[in-house]
Amino acid sequence: EVLTERNNSDLIELDSQQVVVFRVEQHSPGQVKALADVRDGILTRLMGEKSAAMARSSGEQIRDRLMQGEPAEALATEFGFIWNQQREITRDTVTLDPGISQLVFKASKPDGRPIIDGASLAAGDYVVILLDAVHDIDAASLTDEAIQPVTNYLQQTMASRTLGLIIEDLRKKADVEIYDTNL
């Protein structure tokens, strides 16, 4: 009714202090666009998908050959890539792509042999990592200033998780109907 007859919607309660009612003023039905209008976008998308697939294929080959013991620099030269070494990476290193940081810190700690892994990044690039060492921090050398942000983060995470569990438990115990379409 709201769309076709231009009636006001039912009252939608956002929270205890706010409600919303809406009405459609103007509606344009969906339509098929002409090929000439979307051709460039389609070509760009297809080329992006193809280049991402090629990057993944090359990256997986490099990763597999690294696992067999071939030197990284030689493989990078053979494939026309640059092997970039990063030392002393921390979780807050800002010069590293977040996808790479996530892959590095998700890897297990090397136990005598380097950890070699690879993954596609959001932009379609493929990254190969060779993690040869992890240096544990000396907890005694940490200052209160260094510890406080971590403590705050952990407290917020625990509080959020606890609240989520409480809400989940209350929903299980209560007779509540949730209308996802109204959220």
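Refer to the structure presented above.
Attention in this report is confined to the structure presented alongside it. (Residues numbered from 1 in each chain as written. Predicted model: local features only at pLDDT ≥ 70, side-chain atom pairs only at ≥ 80, totals over all residues. Heavy atoms only, no water.)

### Side note on the overall build of the protein
(1) Moving on: Across its full length, the protein carries four helices and four strands.
(2) Moving on: Along the protein, from the amino end to the carboxyl end, the secondary structure elements read β-β-α-α-α-β-β-α.
(3) Moving on: Its C-alpha atoms give the protein a radius of gyration of 26 Å, clearly above 16 Å, the size a compact globule of 183 residues would have.
(4) Moving on: For the C-alpha atoms alone, the extent of the protein along its principal axes is close to 70 × 60 × 30 Å.
(5) Moving on: Burial analysis of the protein (183 residues in total) assigns 14% to the buried set.
(6) Moving on: Pairs at least 24 apart in sequence give 29% of the contacts found in the protein among residues at least 6 apart.
(7) Moving on: A distance of 5 Å separates the average location of the 18 positive side-chain charges in the protein from that of its 30 negative side-chain charges. (Helix = DSSP H or I, 4+ residues; strand = E, 2+ residues; numbered from the N terminus. Rg over C-alpha atoms; globule rule 2.2 N^0.38 Å. Buried < 20%, exposed > 50% of the residue type's maximum accessible area, 1.4 Å probe, protein only. Contact = heavy atoms within 4.5 Å. Lys, Arg positive; Asp, Glu negative; His and termini not counted. Charge placed at Lys NZ, Arg CZ, Asp CG, Glu CD.)

### Structural notes on the packing of helix H1 (residues 35-67) against helix H2 (residues 72-79)
(1) Moving on: Where H1 meets H2, the axes come as close as 10 Å, and the angle between the chain directions of the two elements is 155°. With respect to H2, the element H1 is oriented roughly antiparallel. Between H1 and H2 lies a crossing whose hand is right-handed. Every residue of H2 that contacts H1 at Ser 58, Gln 61, Ile 62, Arg 65 and Leu 66 is listed here: Ala 72, Leu 75, Glu 78 and Phe 79.
(2) Moving on: Here the contact of H1 with H2 is built from residues that sort into five nonpolar, two polar and two charged. (Axes fitted to C-alpha atoms, helices over the stretch in contact; angles between N-to-C directions. Parallel < 35°, antiparallel > 145°, perpendicular 65-115°, else oblique. Left-handed = near helix turned anticlockwise from the far one by under 90°. Nonpolar A, V, L, I, M, F, W, Y, C, P; charged D, E, K, R; others polar.)

### Let's talk about the nonpolar core
(1) Moving on: Ranked by size, the top nonpolar core spans eight residues in total: Leu 96, Ile 100, Leu 103, Val 104, Leu 121, Val 127, Ile 129 and Leu 131.
(2) Moving on: Listing elements by their share of this core, those giving two or more residues are helix H3 (98-106) and strand S4 (126-131).
(3) Moving on: Setting aside its immediate chain neighbours within four residues, Leu 121 contacts Asp 97, Gly 99, Ile 100 and Val 127.
(4) Moving on: Counting seven residues, the second-largest nonpolar core is a separate cluster that includes Ile 62, Leu 66, Leu 75 and Tyr 126. (Core = buried A, V, L, I, M, F, W, Y, C linked by side-chain atoms within 4.5 Å.)

### What to know about the packing of aromatic side chains
(1) Moving on: Overall, the coordinates contain one aromatic pair when judged by the stated rule.
(2) Moving on: Judged by centre distance (6.5 Å) and plane angle (10°), the ring pair of Phe 79 and Phe 81 falls under stacked.
(3) Moving on: Residue class for Phe 81 comes out partly exposed when judged on its relative accessible area of 44%. (Phe/Tyr/Trp six-rings, centres within 6.5 Å; stacked < 30°, edge-to-face > 60°.)

### Quick word on the layout of surface pockets
(1) Moving on: Estimated volume of the largest pocket: approximately 1,600 Å³.
(2) Moving on: Together, 43 residues line the largest pocket, and Gln 86, Ile 89, Leu 96, Val 104 and Leu 131 are the ones closest to its centre.
(3) Moving on: Elements that contribute at least two residues to the lining of the largest pocket include exactly H1, H2, H3, S4 and helix H4 (144-173).
(4) Moving on: Considering each element in turn, the lining of the largest pocket owes the most residues, six residues, to S4. (1 Å grid on protein atoms, 1.4 Å probe; cavity = no way out; pocket = protein on both sides within 12 Å on 5 of 7 lines; lining within 4 Å. Points joined across faces, edges and corners; volume = space filled by probe spheres on them.)

### As for the pairing of strand S1 (residues 12-15)
(1) Moving on: In this sheet, strand S2 (residues 18-20) lies alongside S1 in antiparallel orientation, the contact comprising three bridges. Following the sheet pairing, Glu 13 is matched in S2 by Val 19.
(2) Moving on: Following S1, the chain reverses through two residues before pairing antiparallel with S2. (Pairing = 2+ DSSP bridges.)

### Topic: the pattern of salt bridges
(1) Moving on: Summed over the entire model, instances satisfying the criterion amount to ten salt bridges.
(2) Moving on: Across the salt bridge formed by Arg 23 and Glu 25, the nearest N and O atoms sit 3.9 Å from each other. (Salt bridge = Lys/Arg side-chain N within 4 Å of Asp/Glu carboxyl O.)

### Comments concerning the environment of Asp 132
(1) Moving on: Structurally, the position occupied by Asp 132 is in the loop between S4 and H4.
(2) Moving on: Remark: the alpha-carbon pair of Asp 132 and Lys 109, spanning 23 residues in sequence, is separated by 8.5 Å.
(3) Moving on: When sequence neighbours within four positions are dropped, the list of residues in contact with Asp 132 reads Arg 87, Pro 110 and Pro 114.

### Things to note about a nonpolar patch on the surface
(1) Moving on: Where nonpolar side chains cluster on the molecular surface, the patch consists of Leu 11, Val 19 and Val 21 and spans about 280 Å² of accessible area.
(2) Moving on: With respect to the helices, strands and loops of the structure, Val 21 is situated in the loop between S2 and H1. (Patch = residues over 30% accessible without salt bridge, like charges linked within 9 Å, V, L, I, M, F, W, Y side chains within 5 Å. Areas by Shrake-Rupley, 256 points an atom, 1.4 Å probe, with all protein chains shown as cover.)

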